[in-house]
Amino acid sequence: DGVKREIDLYTAELVNGRWTNWANLGEPINVAYQVGEMHLSADGNQVYFHSERAGGEGDMDIWVTSKVNGEWQQPVNVAGVNTADGEGWPYLSEDGNELWFTRHSAAGKIPLGIFRSVKVNGQWQTPERVLSSLAGEPTLDREGNLYFVHHYYDDAAQKIWEADIYVCRRK
């Protein structure tokens, strides 16, 4: 199918240790809005991603699409998680009950920290900040250890530089 836009989401199958059968997800996932970092649920039936598409709460929001009868559905804004600031870089726990993400200020794009929302009765709850400013892009392993990037802000240059990857080990 080829590249539709600068950034699109694709699927592929792992066959005999090789990725094959690449396919552009097309509409309604890949539209004329940036589709950013994404995370696939453990069962392969949901994709959480960030985008600035219309219908959001603010700067950049987290969206989810679900596969129903083999077809990806129209993405839905993740209610209860998004704000007028920007949310992105989602990570969904293996059991699907924790959504970790980075929130950044709409003005200046400075990371405000890593947040976590818990799903209760099918609804995402108000997120809590887990790590302070300039931490972002969360990922967890099966033991619950949190891996993230810590950003360095250069006051003189008025610029954010990527720094190192850190881990917070769950006790």
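Keep in mind that what you see is a predicted model, and the values were worked out from it rather than measured.

Participant: I would appreciate a short explanation of the overall build of the protein in the present structure.
Facilitator: Looking only at helices and strands, one finds zero helices and 15 strands in the protein. Expressed as a percentage of its 171 residues, the buried residues of the protein come to 40%. Long-range contacts, defined as pairs at least 24 residues apart, comprise 32% of the intrachain contacts of the protein with a sequence gap of at least 6. Accessible area of the protein: about 10,100 Å², with a carbon and sulfur share of 48%.

Participant: Can you help me understand the environment of Phe101 in this one?
Facilitator: The topology assignment puts Phe101 in strand E9 (residues 98-104). Residues Phe101 and Gly113, twelve residues apart in the sequence, show an inter-C-alpha distance of 8.5 Å. Residues within four places of Phe101 in sequence aside, it is in contact with Ile62, Val81, Glu87, Gly88, Trp89, Pro90, Gly113, Ile114, Phe115, Pro127 and Pro138.

Participant: What should I look at first to understand the nonpolar core in this one?
Facilitator: Across soluble globular proteins, you tend to see nonpolar side chains buried next to one another. Tyr48, Ile62, Val64, Val78, Val81, Leu92, Leu99, Phe101, Phe115 and Trp124 together form the largest nonpolar core, which totals ten residues. The set of elements that each furnish at least two residues to this core consists of strand E5 (61-68) and E9. Residues contacting Val81, with those up to four places away along its chain left out, are Ile62, Glu87, Leu99, Phe101, Arg103, Ser117, Trp124 and Pro127.

Participant: Looking at this model, I keep getting lost on unusual backbone geometry. Mind explaining?
Facilitator: Note on backbone geometry: most residues besides glycine have negative phi, and most peptide bonds are trans. Despite not being glycine, Asn21 has its phi angle at roughly 55°, a positive value. With respect to the helices, strands and loops of the structure, Asn21 is situated in strand E2 (residues 18-24). You can call Asn21 partly exposed: its relative accessible area is 46%. Phi angles above zero are rare outside glycine, and Asn121 is one such case at about 50°.

Participant: Just to check I follow, could you spell out the pairing of E5 for this structure?
Facilitator: Sheet topology note: the strand E4 (residues 46-51)/E5 ladder contains six bridges and is antiparallel. The residue bridging Tyr48 from the neighbouring strand is Val64, located in E5. As defined by bridge partners, E5 adjoins strand E7 (residues 76-77) across two bridges and the pair is classed as antiparallel. Bridge assignment links Val64 to a residue of E7, and that residue is Val76. Here two bridges tie E5 to strand E6 (residues 71-72), and the two strands are oriented antiparallel to one another. In the strand pairing of E6, Val68 is matched with Glu71. Here E5 folds back onto E6, and the loop between the two strands holds two residues, one of which, Asn69, carries a positive phi near 50°.

Participant: Sorry, what's going on with the side chain of Asn82 here?
Facilitator: By secondary structure assignment, the location of Asn82 is in the loop between E7 and strand E8 (86-92). Residue classification places Asn82 among the buried positions, given a relative accessible area of 9%. Side-chain polar atoms of Asn82 contact the backbone nitrogen of Ile62, separated by 2.8 Å. Reaching out from Asn82, the side chain makes a polar contact with the side chain of Asn77 at a distance of 3.0 Å. Residue contacts for Asn82: discarding those within four places in its chain leaves Glu57, Asp61, Ile62, Asn77 and Glu87.

Scoring rules and cut-offs
- Residues numbered from 1 in each chain as written.
- Predicted model: local features only at pLDDT ≥ 70, side-chain atom pairs only at ≥ 80, totals over all residues.
- Heavy atoms only, no water.
- Helix = DSSP H or I, 4+ residues; strand = E, 2+ residues; numbered from the N terminus.
- Buried < 20%, exposed > 50% of the residue type's maximum accessible area, 1.4 Å probe, protein only.
- Contact = heavy atoms within 4.5 Å.
- Areas by Shrake-Rupley, 256 points an atom, 1.4 Å probe, with all protein chains shown as cover.
- Core = buried A, V, L, I, M, F, W, Y, C linked by side-chain atoms within 4.5 Å.
- Pairing = 2+ DSSP bridges.
- Polar contact = N/O pair within 3.5 Å; in protein donor to acceptor, adjacent residues only side chain to side chain.

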